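Here is what each chain is made of, one letter per residue.
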Amino acid sequence: MIDNSEWFKSAVFYEVLVRSFADSDGNGIGDLAGLTGKLDYLKDLGIDCLWLPPFFPSPLRDGGYDVAEYRSVQPELGTLDDLKRLLDEAHARGMKVITDFVMNHTSDQHAWFQASRTNPDGPYGDFYVWRDSPDVYLDARVIFYDYFNREYPDNPPNWSFDEVRGQWYYHRFYEFQPDLNFENPAVLDAILDAIRFWLALGVDGFRLDAVPYLVEQDGTNCENLPGTHAILKQVRAMVDAEFPGKILLCEANQWPDDVVEYFGDDDECQMAFHFPVMPRLYMGLRQGSRQCISQILAATPPIPPGCQWGTFLRNHDELTLEMVTPDERNWMWSEYAPDPRMKLNDGIRRRLAPLMDNDPRRIRLIHAMLLALPGSPCLYYGDEIGMGDNIWLNDRDGVRTPMQWDDSPNAGFSDADPSTYTYPLITDATYGPKAINVAAQQADPDSQLNWLKGILAVRAANPALTLGTFTDLEGADEVFTFSRSHDGTTVFALNNLTEVPQTTSIASGKDHGGFSLLAGAADVVPAEAGLEVTLEPYGFVWLTVTA
Ligand SMILES: OC[C@H]1O[C@H](O[C@H]2O[C@H](CO)[C@@H](O)[C@H](O)[C@H]2O)[C@H](O)[C@@H](O)[C@@H]1O
Ligand SMILES: [Ca+2]
């Protein structure tokens, strides 16, 4: 029986952009009340926890990750009371809600930065990383390099000059996102107070944005530094002391050995996204070989017992290829980004269904792997119905378009004229609301939505798939076969990564009395000391073997 304080270990997360999900008041902008009105849909799907990207006041030059005020809500998304209502309604349904917290940087419009640039000797003068000369931290890579190469080809990496203060300031992301100076203890105090504010309101935890970059040190790449871990330990200590049970989910786009450091001894974050496994699910599927997936899982160290991985297929950013080798990155681009507009920095700005060529077999197979592997999966809004993308929009906007609820001209997203929406509706014949929408899929027992709902229910009913130990059975390259075991029950997951049928056997033991087929398309027959399984092209199956 899972301890309730460890709910996150078996939860299904769902990332939902408030602005793009459901508009309750007809102004063309999705809002908190609109999201509240869709909680029953999410509960019915099998979602346990919502993750809300930043909804704080912001100039919105980076989708809200440029926070201008830490303690309120963008007025067009609602009020603090609307947020409280969302939390109450979610909690009443047994669901949790975590929000993003951006602690590496603020917007340049934040009052702290404005005070810092105008009053260097004032209380905020040392809140940011100011220098007379931009000649330190030069080994820190530029993350948004497409933008900087285009806009500021002559600037030193990650530095911009502020005319008002007459000094340079450091920024790991856009130049309008100055990095906070965690060498100044007052900065952490201010951040802790902002964190307290949301936890006291009832938020269940945070996805901590871009944490590898909190602290800088000259002569290093300024990632994963001891000072950064020391800051996170102080955040966790405060949360445990004042708000026990609330969770921290770390966004550290790093290699496994570096990410596990963010769990600490279960004294930093309880969860961390597993970035390296994500692109390898796409890679293995395209290569028809499990090798790259098996290798990264074998290279993933164990994590503390109180912790859990977060896994995902897509999110609001580009499909990041930072955690693959340069050769693998080029190969992924050649396979999955045939149009140069699909590339962005070290990634691919496309949604899941188009990446799978809208092939239901592959869409289901990659989900089946995600849902059976260790970790709590995080789904991205719209992927449950196979929404498309728009590569003609700027930056990552093309994967942030309005949710498609029905086949009406406004997709059921809003009563406002679609030309007023922040991001335009998808309109093409394959992925537009006429072809892809919630209402039609709810009515179709074979739809992607109903399939996903079914497999999520199977996963939830089988603790081996959420809490179980993981064993890679290292069979044929073409079939990724692994088992999960918990409390005397073993579930075998077999995944055919190829477009031809595959027959494989699993040594499930001689004396089993039977098996139950949990999901998928396969023929299963008893064989010597085990089972022989024939999988259809891109077929998969979950089997429990009973003695
Ligand atoms: O707040 C700045 C950015 O922080 C997150 O970025 C992460 O995504 C980047 C790709 O877009 C990735 O390269 C980087 O390693 C991550 O920290 C956030 O998810 C972004 O939306 C945001 O722009
Ligand atoms: Ca609205």
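Analysis parameters
Residues numbered from 1 in each chain as written. Chains lettered and ligands numbered in written order. Predicted model: local features only at pLDDT ≥ 70, side-chain atom pairs only at ≥ 80, totals over all residues. Helix = DSSP H or I, 4+ residues; strand = E, 2+ residues; numbered from the N terminus. Rg over C-alpha atoms; globule rule 2.2 N^0.38 Å. Buried ≥ 20, exposed ≤ 12 C-beta atoms within 10 Å, placed from the backbone. Contact = placed C-beta atoms within 7 Å. Pairing = 2+ DSSP bridges. Near = placed C-beta within 6 Å. Nonpolar A, V, L, I, M, F, W, Y, C, P; charged D, E, K, R; others polar. UniProt positions renumbered as here; feature names shortened; annotations may be inferred. Domains from an automatic or database assignment. Expected span 1.5 Å × (residues − 1). Axes fitted to C-alpha atoms, helices over the stretch in contact; angles between N-to-C directions. Parallel < 35°, antiparallel > 145°, perpendicular 65-115°, else oblique. pLDDT = per-residue confidence, 0-100. Right-handed = clockwise from strand over helix to strand, strands pointing away. Core = buried A, V, L, I, M, F, W, Y, C linked by C-beta atoms within 7 Å.

Draft legend 1. Just the overall build of the protein, in detail. Scanning the protein from terminus to terminus reveals 17 helices and 22 strands. Over its C-alpha trace the protein gives a radius of gyration of 23 Å, about what one expects of a compact globule, namely 24 Å for 547 residues. Seen along its three principal axes, the alpha-carbon backbone of the protein occupies a region of about 80 × 50 × 45 Å. Residues counted as buried form 50% of the 547 residues belonging to the protein. Counting only contacts in the protein whose residues sit at least 6 apart along the sequence, the fraction spanning at least 24 positions is 66%.

Draft legend 2. How the structure looks around the sheet that holds strand S5 (residues 159-162). Read across the open sheet, the three strands follow the order S4-S6-S5; overall the sheet is antiparallel. Among the strands making up the open sheet, the edge pair consists of strand S4 (130-131) and S5. Two strands pair when backbone bridges link them, and S4 and strand S6 (residues 167-170) are joined in this way by two bridges, in the antiparallel orientation. By the bridge assignment for S6, arginine 131 is matched with tryptophan 168.

Draft legend 3. Just the site of ligand 1, in detail. Around ligand 1, the structure places 15 residues, and the nearest of them are Tyr65, Phe173, Ala210, Asn253 and Asp317. For the shell around ligand 1, the residue count by class is five nonpolar, four polar and six charged.

Draft legend 4. Quick look at the UniProt feature "domain: Glycosyl hydrolase family 13 catalytic" (unreviewed entry) in the protein. Those residues carrying the UniProt feature "domain: Glycosyl hydrolase family 13 catalytic" (unreviewed entry) are residues 15-420 in this numbering. Between the end C-alpha atoms of residues 15-420 there is a gap of 24 Å, over a span that is 32% helix and 12% strand.

Draft legend 5. Up close: the domain arrangement of the protein. Splitting the protein by domain gives domain 1 (4-104 + 185-459), domain 2 (111-170) and domain 3 (468-546). Across the contact, 19 residues belong to domain 1 and 18 residues belong to domain 3. Where the side of domain 1 that touches domain 3 is concerned, the elements lending two or more residues are helix H10 (277-287), helix H11 (291-298), helix H14 (360-372) and helix H16 (448-461). For the side of domain 1 that touches domain 3, the leading source of residues is H14, giving six residues.

Draft legend 6. Up close: H14. Its 13 residues place the ends of H14 18 Å apart at the C-alpha level, agreeing with the 18 Å of an ideal helix rising 1.5 Å per residue. The buried fraction of H14 is high, at ten of 13 residues. Every buried residue of H14 is accounted for by Arg362, Ile363, Arg364, Leu365, Ile366, His367, Ala368, Met369, Leu371 and Ala372.

Draft legend 7. Quick peek at the environment of leucine 50. Here leucine 50 lies in strand S2 (residues 49-52). Excluding residues that lie within four positions of it along the chain, leucine 50 makes contacts with Tyr14, Val16, Ala90, Met95 and Val97.

Draft legend 8. Structural view of the packing of H10 against H11. Between H10 and H11, the least distance of the axes is 7 Å, while the angle of their chain directions is 155 degrees. With respect to their mutual orientation, H10 and H11 come out roughly antiparallel. Contact residues: H10 offers Val277, Arg280, Leu281, Met283, Gly284 and Gln287, while H11 offers Cys292, Ile293, Ile296 and Leu297. A per-class count over the contact of H10 with H11 returns seven nonpolar, two polar and one charged.

Draft legend 9. How the structure looks around the confidence of the model for the protein. Per-residue pLDDT for the protein averages 96, and the proportion of residues at 70 or more is 98%. Least confident of the elements in the protein is strand S19 (residues 514-520), whose mean pLDDT is 70; most confident is strand S1 (residues 13-15), at 99.

Draft legend 10. Representation of the pairing of strand S7 (residues 205-209). Counting buried residues along S7, four of its five residues qualify, which places the element largely inside the surrounding structure. Where strand S3 (residues 96-102) lies against S7, four bridges are found, and the strand directions are parallel. Bridging from a neighbouring strand, phenylalanine 101 pairs with leucine 208 of S7. Across four bridges, S7 lies against strand S8 (residues 247-250) in parallel orientation. By the bridge assignment, leucine 208 is partnered in S8 with cysteine 250. Considered for its hand, the β-α-β crossover made up of S7, helix H8 (residues 226-242) and S8 is right-handed.

Draft legend 11. A look at unusual backbone geometry. One non-glycine residue with positive phi stands out, namely aspartate 266, at about 55 degrees. When you line up the elements, aspartate 266 lands in the loop between helix H9 (256-259) and strand S9 (271-273). Owing to 14 C-beta atoms within 10 Å, aspartate 266 belongs among the partly exposed residues under this scheme. Within the chain, asparagine 345 stands out as a residue other than glycine whose phi angle is a positive 45 degrees.

Draft legend 12. Representation of the nonpolar core. Counting residues in each nonpolar core, the largest one holds 155 residues, and the members touching the most others are Cys250, Cys269 and Ala272. In terms of residue count, H14 provides more of this core than any other element does, seven residues in total.

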